[in-house]
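# Overview (structure and organization)
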Amino acid sequence: MDIYTKLEKIIKGRKDPDTVLSRENDYLLLYNLSPIRRNIIGWMNFKEGKTVLEIGAGTGVITEYLQEKWLNVTAFEPDDRKRQILDTRIAKNIGSSSNRYRSFSRLEDCVEGNKIVYDYILMIDSYSPEYLDLACKAAGDDTCLIIAAERKYVEPAWSIKSDDMIYSLEDIEKKLEDNGMMNRQIFYPIPDHILPLEIRSEETAESSSYLIVASRH
């Protein structure tokens, strides 16, 4: 059974993630199910009813948290199989809430010709310069842009990305500047942004990731 068929069965069966993970030794299950992943944004004070663009939503472990916080979520996930699981995962919550959820396979459709401005834009383990260019078209003066990514030249804790997929802080800050955004604050997830146990405000060698909070002002 492939990983996505297994995930679909787990989610449709409403099985407890902690119970599943206690019996399975699989990184992809951990990545897609572990509630620890929510810690990357769990400390933030999201305002109920605000709009969120989540870039690279995957199978929805972060999306589900955003939905539970009564946010109006637009999720971008280019992989059809992942998006199918994402929609299944979120559908079980929608019936009991009034908040809106939409998912798209193209980031361009989330921007809709620059007609939409989001209150929050999230790039959690999904940063790329191309995605940032498009995302910033949907960022207004008060938009909070949150980027969680690996620290280049630091040994990763859980990330399996190749070096050419990892950007330096200088690269990211330059791209933000090109799009009229500014890095306002940097946090340091420990051990990293994928399975963060702590979020620190001071730089530390214990962290192999950055959590960047940016805005236009």
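Before going into details, it helps to say that this report is about the structure given with it.

What counts as what
- Position numbers for residues start from 1 in each chain and track the written sequence from start to end.
- This being a predicted model, a pLDDT of at least 70 is required before a residue's local features are given, and a value of 80 or more before pairs of side-chain atoms are given or counted; all residues contribute to the totals for chains, interfaces and linings.
- Heavy atoms throughout the structure, all of them, feed into the side-chain values; hydrogens and water do not.
- Strands are runs of DSSP state E lasting at least two residues, helices are runs of H or I lasting at least four, and both sets are numbered from the N terminus onward.
- When we talk radius of gyration, it's over C-alpha atoms, and the globule rule is simply 2.2 Å times the number of residues to the 0.38.
- In this scheme, a residue with accessible area under 20% of its type's maximum is buried, one over 50% is exposed, and one in between is partly exposed, where area comes from a 1.4 Å probe on protein chains only.
- Any two residues having at least one pair of non-hydrogen atoms within 4.5 Å are treated as being in contact.
- The Shrake-Rupley method, run with a 1.4 Å probe sphere, supplies the accessible areas, and residue values consider only the shown protein chains as cover.
- For the purpose of charge, His is not counted, nor are the chain termini; Lys and Arg are scored as positive and Asp and Glu as negative.
- In plain terms, the charge of a residue is placed at NZ if it is Lys, CZ if Arg, CG if Asp and CD if Glu.
- As used here, the arc is the angular range of directions from the helix axis to the C-beta atoms.
- Two strands are said to pair when DSSP picks up at least two bridges between them.
- Axes here refer to lines fitted to C-alpha atoms; in helices the fit is confined to the stretch in contact. Angles between the N-to-C directions go from 0 to 180 degrees.
- Paired rings are identified among Phe, Tyr and Trp, the last through its six-membered ring, by centres lying within 6.5 Å, and are further divided according to the angle between planes into stacked (under 30 degrees), edge-to-face (over 60) and tilted (the rest).
- Ring-over charges, as used throughout, are those where CZ of Arg or NZ of Lys falls within 6 Å of the ring centre and within 35 degrees of the ring normal.

## A word on the overall build of the protein
Within the protein, the secondary structure is distributed over 9 helices and 8 strands. A globule of 217 residues ought to have a C-alpha radius of gyration of about 17 Å, and the protein, at 17 Å, matches this closely. In terms of principal-axis extent, the alpha carbons of the protein reach across some 45 × 40 × 30 Å. Among the 217 residues that make up the protein, the fraction classed as buried is 51%. Residue pairs at least 24 apart in sequence account for 63% of intrachain contacts in the protein once pairs closer than 6 positions are excluded. For the protein, the exposed area adds up to about 10,600 Å²; of that, 46% sits on carbon and sulfur atoms. Averaging the locations of the 29 positively and 37 negatively charged side chains of the protein gives two centres separated by 6 Å.

## Some details on helix H9 (residues 169–178)
Among the residues making up H9, those that are buried are Leu 169, Ile 172 and Leu 176. All buried residues of H9 project into a common sector of 70° when viewed along the axis, lining one side. Those residues of H9 that are exposed and angled more than 90 degrees off the buried face are Glu 170 and Glu 177. Looking one or two places after H9, you find Gly 180, whose phi comes out positive at around 75°.

## Concerning the sheet that holds strand S5 (residues 139–150)
An order of S3-S2-S1-S4-S5-S8-S6-S7 is seen for the 8 strands of this open sheet, with the pairing classed as mixed. Looking at which strands have only one partner, the edges of the open sheet turn out to be strand S3 (101–104) and strand S7 (198–200). Taken over all neighbouring pairs, the strand axes of this sheet differ in orientation by 20° on average, direction set aside. Strand direction decides the pairing type here: strand S6 (residues 182–190) and S7, joined by 3 bridges, are antiparallel. Pairing of Pro 189 across the sheet is with Ile 199, part of S7.

## So, the packing of aromatic side chains
For the structure on display, the rule yields 7 aromatic pairs. Between Trp 43 and Phe 187, the aromatic rings sit 4.7 Å apart at their centres with planes inclined by 55°, giving tilted as the arrangement. Here the residue Trp 43 occupies a position in the loop between helix H4 (39–42) and strand S1 (51–55), and Phe 187 occupies one in strand S6, the gap between them amounting to 144 residues. Among the residues examined, Phe 187 registers a relative accessible area of 10% and is labelled buried. Relative to Tyr 131, the ring of Phe 76 has its centre 5.3 Å away and its plane inclined at 85°; by these criteria the two rings are edge-to-face. One end of the pair, Phe 76, is in strand S2 (residues 72–76); the other, Tyr 131, is in helix H8 (residues 129–135), with 55 residues separating them in the sequence. Ring pairs connect the aromatic residues Tyr 27, Tyr 31 and Trp 158, which therefore count as one cluster. Looking at Arg 37, its charged tip hangs above the ring of Tyr 31, at a distance of 3.9 Å from the centre. Above the ring of Tyr 153, the side-chain terminus of Lys 152 is found at 5.6 Å from the ring centroid.

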